[in-house]
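Coordinate inspection notes
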Amino acid sequence: MRVRILIFLSVVLSLVWGQKPAKALKLPEVFSPNSLAQDSHGNTYIAAMRESSVYKMDTEGKVFLFAGVGQKNFKEGKRLEAAFRNPYSVAVDSKNNIYVADSGNNRIRRIDAKTGLVSTLAGSSTGHADGKASEARFNFPYGLTIDKDDNLYVSDQRNHSIRKISRAGKVTTIAGKYAKKEGKFYYPSAIAFGTDGKLYVLDNASKDLKRLEGGGKIASITDPKDNKSILRIRKENTKLERVAINQ
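Note that the structure is predicted; figures quoted are calculated from it, not measured.

Criteria and cut-off values
- Residues numbered from 1 in each chain as written.
- Predicted model: local features only at pLDDT ≥ 70, side-chain atom pairs only at ≥ 80, totals over all residues.
- Heavy atoms only, no water.
- Helix = DSSP H or I, 4+ residues; strand = E, 2+ residues; numbered from the N terminus.
- Salt bridge = Lys/Arg side-chain N within 4 Å of Asp/Glu carboxyl O.
- Buried < 20%, exposed > 50% of the residue type's maximum accessible area, 1.4 Å probe, protein only.
- Contact = heavy atoms within 4.5 Å.
- Pairing = 2+ DSSP bridges.
- Polar contact = N/O pair within 3.5 Å; in protein donor to acceptor, adjacent residues only side chain to side chain.
- Axes fitted to C-alpha atoms, helices over the stretch in contact; angles between N-to-C directions.
- Phe/Tyr/Trp six-rings, centres within 6.5 Å; stacked < 30°, edge-to-face > 60°.
- Lys NZ or Arg CZ within 6 Å of the ring centre and 35° of its normal.
- Lys, Arg positive; Asp, Glu negative; His and termini not counted.

Tracing the chain through its elements places Ile 191 in strand E16 (residues 188-193). Separated by 19 residues in sequence, Ile 191 and Lys 210 have C-alpha atoms that sit 9.5 Å apart.

Structure (structure tokens):
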């Protein structure tokens, strides 16, 4: 079986001083791994977009189905009975709860660490709306990351925005098209916090790596003149590496 892995978070995190890129993983049982996240025990969770499922790789390297039924749909409940539609990203909080960017359903799903139940954390239908999580609207949520206080951040790709879901369940747009502040995104995809505490965003359409500064300002740290088929970084004492497997 042909496996293709593109670990976008490794690209982002390797830009931060002292951070090593993630190791490439051999996952023969997963056809379309798209995003990785690790819990406090060292288990790795994999969003498999085409299978519309989430896989788990334990500390011994064994991979097995963790959530989803392998068909594009929407269903809450027990993790092996729940349904997703093209999930693109996963993230894990400090209590090992797992979050899934259920892109095709325009929702952010939560898998409870203790009960294994899948529920909708935020999102209701296609569009853009901030406010209460259950009433918020997304348009193809793609990347996920979590800060030290367990607030969840989402790259809302087709809304060209970065959204924040607070621990209290409030959704706000912090950067991009609907933030009404400086800077723009065009189909943002992978996002991650660096050790400098700032949020890095891979802007898919422009192939540009951007960094959120204070007050909602967006700074580009790649050089668009040299940025053709791969990312190139200006001299900021940073290092860029790409981790990929094609076999």
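Resuming the write-up.
Here we take up the pattern of salt bridges. Applying the stated criterion across every chain, the model contains nine salt bridges. Ionic contacts of the salt-bridge type, sharing partners, join the residues Glu 76, Asp 102 and Arg 109 into one network.

What follows is about unusual backbone geometry. If a residue is not glycine, its phi is most likely negative; likewise, a peptide bond is most likely trans. Here Asn 86, not a glycine, exhibits a phi torsion of approximately 55°, which is positive. Looking at where Asn 86 falls in the secondary structure, it is placed in the loop between strand E6 (77-78) and strand E7 (87-92). Looking at Asn 86, the relative accessible area reads 16%, which means it is buried. Here Asn 96, not a glycine, exhibits a phi torsion of approximately 70°, which is positive. Structurally, Asn 96 can be placed in the loop between E7 and strand E8 (98-102).

Right, let's get into the environment of Lys 56. Along the chain, Lys 56 falls in strand E4 (residues 53-57). With near-sequence residues (within four places) excluded, Lys 56 lies in contact with Asn 43, Thr 44, Tyr 45, Lys 62, Val 63, Phe 64 and Phe 66.

Of all six residues making up strand E12 (residues 141-146), six are buried, and the element is well covered by its neighbours. When E12 meets strand E13 (residues 152-156), the two strands line up antiparallel, connected through four bridges. Pairing of Thr 145 across the sheet is with Tyr 153, part of E13. Between E12 and the antiparallel strand that follows it, E13, lie five residues; Asp 150 among them carries a positive phi value of about 70°.

This paragraph deals with the side chain of Arg 163. Assignment of secondary structure puts Arg 163 in strand E14 (residues 161-165). Of the residues examined, Arg 163 reaches a relative accessible area of 0% and is grouped as buried. Side-chain polar atoms of Arg 163 contact the side chain of Thr 173, separated by 3.0 Å. When residues no more than four places from it in sequence are discounted, the contact partners of Arg 163 are His 128, Ala 129, Asp 130, Arg 137, Phe 138, Leu 152, Tyr 153, Val 154, Asp 156, Val 171, Thr 172 and Thr 173.

Our focus in this paragraph is the sheet that holds E14. Strand order across the open sheet formed by five strands is E11-E15-E14-E13-E12, with antiparallel pairing between neighbours. Of all strands in the sheet, those bounded by a partner on one side alone are strand E11 (131-132) and E12. With two bridges joining them, E11 and strand E15 (residues 170-176) adopt antiparallel strand pairing. By the bridge assignment, Gly 131 is partnered in E15 with Val 171.

Moving on, we come to the sheet that holds E4. With antiparallel pairing, the four strands of this open sheet are ordered in space as E2-E3-E4-E5. Edge positions in the sheet fall to strand E2 (33-38) and strand E5 (63-67), since each has one partner strand and no second. Each adjacent strand pair in this sheet contributes to an overall mean axis angle of 30°, direction not counted. Two strands pair when backbone bridges link them, and E2 and strand E3 (residues 44-48) are joined in this way by five bridges, in the antiparallel orientation. For Gln 38, the partnering residue across the bridge sits in E3 and is Thr 44.

Right, let's talk about the packing of aromatic side chains for a bit. Using the criterion set out here, one finds four aromatic pairs in the structure. Judged by centre distance (5.3 Å) and plane angle (65°), the ring pair of Tyr 88 and Phe 140 falls under edge-to-face. With a gap of 52 residues between them, Tyr 88 in strand E7 and Phe 140 in the loop between E11 and E12 connect regions that are remote in the sequence. Of the aromatic side chains, those joined through ring pairs into one cluster are Tyr 88, Phe 140 and Tyr 142. Above the plane of the ring of Phe 74 lies Arg 107, whose end atom (NZ or CZ) is 4.5 Å from the centre. The ring of Phe 140 is capped by Arg 158, whose NZ or CZ atom sits 4.2 Å from the centre of that ring.

Bringing the side chain of Asp 147 into the picture now. Looking at the element boundaries, Asp 147 is found in the loop between E12 and E13. One buried charged residue, Asp 147, forms no salt bridge at all, with the nearest opposite charge on Lys 164 at 5.2 Å. Here the side chain of Asp 147 touches Asp 149 through a polar contact of 2.9 Å, landing on its backbone nitrogen. A polar contact of 3.1 Å, which involves the side chain of Asp 147, links it to the side chain of Tyr 153.

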